[in-house]
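An overview of the molecular structure
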Amino acid sequence: VALLGKVVYHNKLGTQGERIARVRAIAKSIAQQLGSTELARQADQAAMLAKTDLVTDMVGEFPELQGIAGRHYAVVAGEDADVALAIDQAYQPRFAADAIAASKLGKVLAIAERADTLAGGFAAGLKPTGNKDPFALRRNALGLARTIIESGFDLDLGALLAAANAGLAGKNVQADVAELTDFIIDRLKGYYADRGVPATHFNAVAELKPASLYDFDRRLAAIGTFAALPEAEALAAANK
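From a predicted model like this one, the values you see are computed outputs, not experimental measurements.

Calculation criteria
Residues numbered from 1 in each chain as written. Predicted model: local features only at pLDDT ≥ 70, side-chain atom pairs only at ≥ 80, totals over all residues. Heavy atoms only, no water. Helix = DSSP H or I, 4+ residues; strand = E, 2+ residues; numbered from the N terminus. Buried < 20%, exposed > 50% of the residue type's maximum accessible area, 1.4 Å probe, protein only. Contact = heavy atoms within 4.5 Å. Core = buried A, V, L, I, M, F, W, Y, C linked by side-chain atoms within 4.5 Å. Phe/Tyr/Trp six-rings, centres within 6.5 Å; stacked < 30°, edge-to-face > 60°. Axes fitted to C-alpha atoms, helices over the stretch in contact; angles between N-to-C directions. Parallel < 35°, antiparallel > 145°, perpendicular 65-115°, else oblique. Left-handed = near helix turned anticlockwise from the far one by under 90°. Nonpolar A, V, L, I, M, F, W, Y, C, P; charged D, E, K, R; others polar.

Following Gln92, the chain continues into Pro93 via a peptide bond in cis, with omega recorded as -5°. For Pro93, the position within the fold is in the loop between helix H5 (81–89) and helix H6 (104–123). For Asn172, which is not a glycine, the phi torsion comes out positive at approximately 60°. With respect to the helices and strands, Asn172 occurs in the loop between helix H8 (157–166) and helix H9 (177–193).

Here's what the structure looks like:
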């Protein structure tokens, strides 16, 4: 953990040690929103240890073992089994078709890490342009959104991003929360299109800007149910 304070994360965002401090605060905030003191304690511990494998020779030689190595090291060190598992699961989804973290603690850590990555990336001026996305912010945004939606966590997205932004106060850089929220919502267009949700349904919900992505998902489902009714077309035409 101490060695992470010597590893530069980004010149505008400080060291990995400073990043870990931000992620710990976000993870505890999420756990508290979910109403669990014990989950908050575990989230703090998992976030503190989540990147320690980055300074090992194992991950230095085999970067693809990030998280996997960390889980094994945590088990050997006698950490709680849930904490060790979360260190690995925080990297999920690793790619588009990958599953989200399976455990509740893993989900909390995955959301916290992505929230910090997104806020930090936007604050440091690393927003994607065209095909360039050096910080993988598009993938992180979709991973964050998928984890919240598929977990059924009714979290206030604006509050989550504001908490991530608050951790950057000492760096004299800030992300635009409204811009970041729009960026995350935009990533969901393809996600729902792949599930057969019409663009008109998506746009109708997006226009309302629901505070919670889980609420966003439930509204989409409700519109889908309504649209299947025989009265739907006439009602929509009458309202127009």
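Another aspect to go through is the side chain of His201. Structurally, the position occupied by His201 is in helix H10 (residues 199–208). A relative accessible area of 16% places His201 in the buried class. Once residues lying within four places of it in the same chain are set aside, the contact partners of His201 are Leu220, Ile223, Gly224 and Ala227.

A general trend in soluble globular proteins is that nonpolar side chains are found buried together. Counting 60 residues, the largest nonpolar core has Leu144, Leu160, Ile184, Leu188 and Leu213 as its most contacted members. Ranked by the residues each element gives to this core, the list is headed by H6, at ten residues. Sequence-distant contacts of Ile184, defined by excluding residues within four places in its chain, comprise Leu118, Ala141, Leu144, Ala145, Leu157, Leu161 and Leu213.

As for its placement among the helices and strands, Leu54 is situated in the loop between helix H2 (37–49) and helix H3 (57–61). The contact partners of Leu54, leaving out residues within four places of it in the chain, are Gln16, Val59 and Gln66.

What follows concerns the packing of aromatic side chains. A ring pair, where both rings are aromatic, is described by two values, the distance of the centres and the angle of the planes. Applying the stated criterion to the full structure yields six aromatic pairs. Taken together, a centroid distance of 5.4 Å and an interplanar angle of 55° make the contact between Phe202 and Phe216 tilted. With Phe202 in helix H10 and Phe216 in helix H11 (residues 213–227), this pair connects stretches of sequence that are 14 residues apart. Summarising the burial analysis for this pair, Phe202 and Phe216 share the class buried. Taken together, the ring pairs connect Tyr191, Tyr192, Phe202 and Phe216 into an aromatic cluster.

Looking now at the packing of helix H1 (residues 16–33) against H6. Two numbers describe how H1 lies on H6: the axes approach to 8 Å, and their chain directions differ by 130°. When the axes of H1 and H6 are compared, the pair comes out oblique. In this structure, H1 crosses over H6, and the sense of that crossing is right-handed. Residues Arg19, Arg22, Val23, Ile26, Ala27, Ile30 and Ala31 of H1 touch H6, and the partners they reach there are Val108, Leu109, Ile111, Ala112, Glu113, Ala115, Asp116 and Thr117. Its residues assigned to classes, the contact of H1 with H6 shows ten nonpolar, one polar and four charged.

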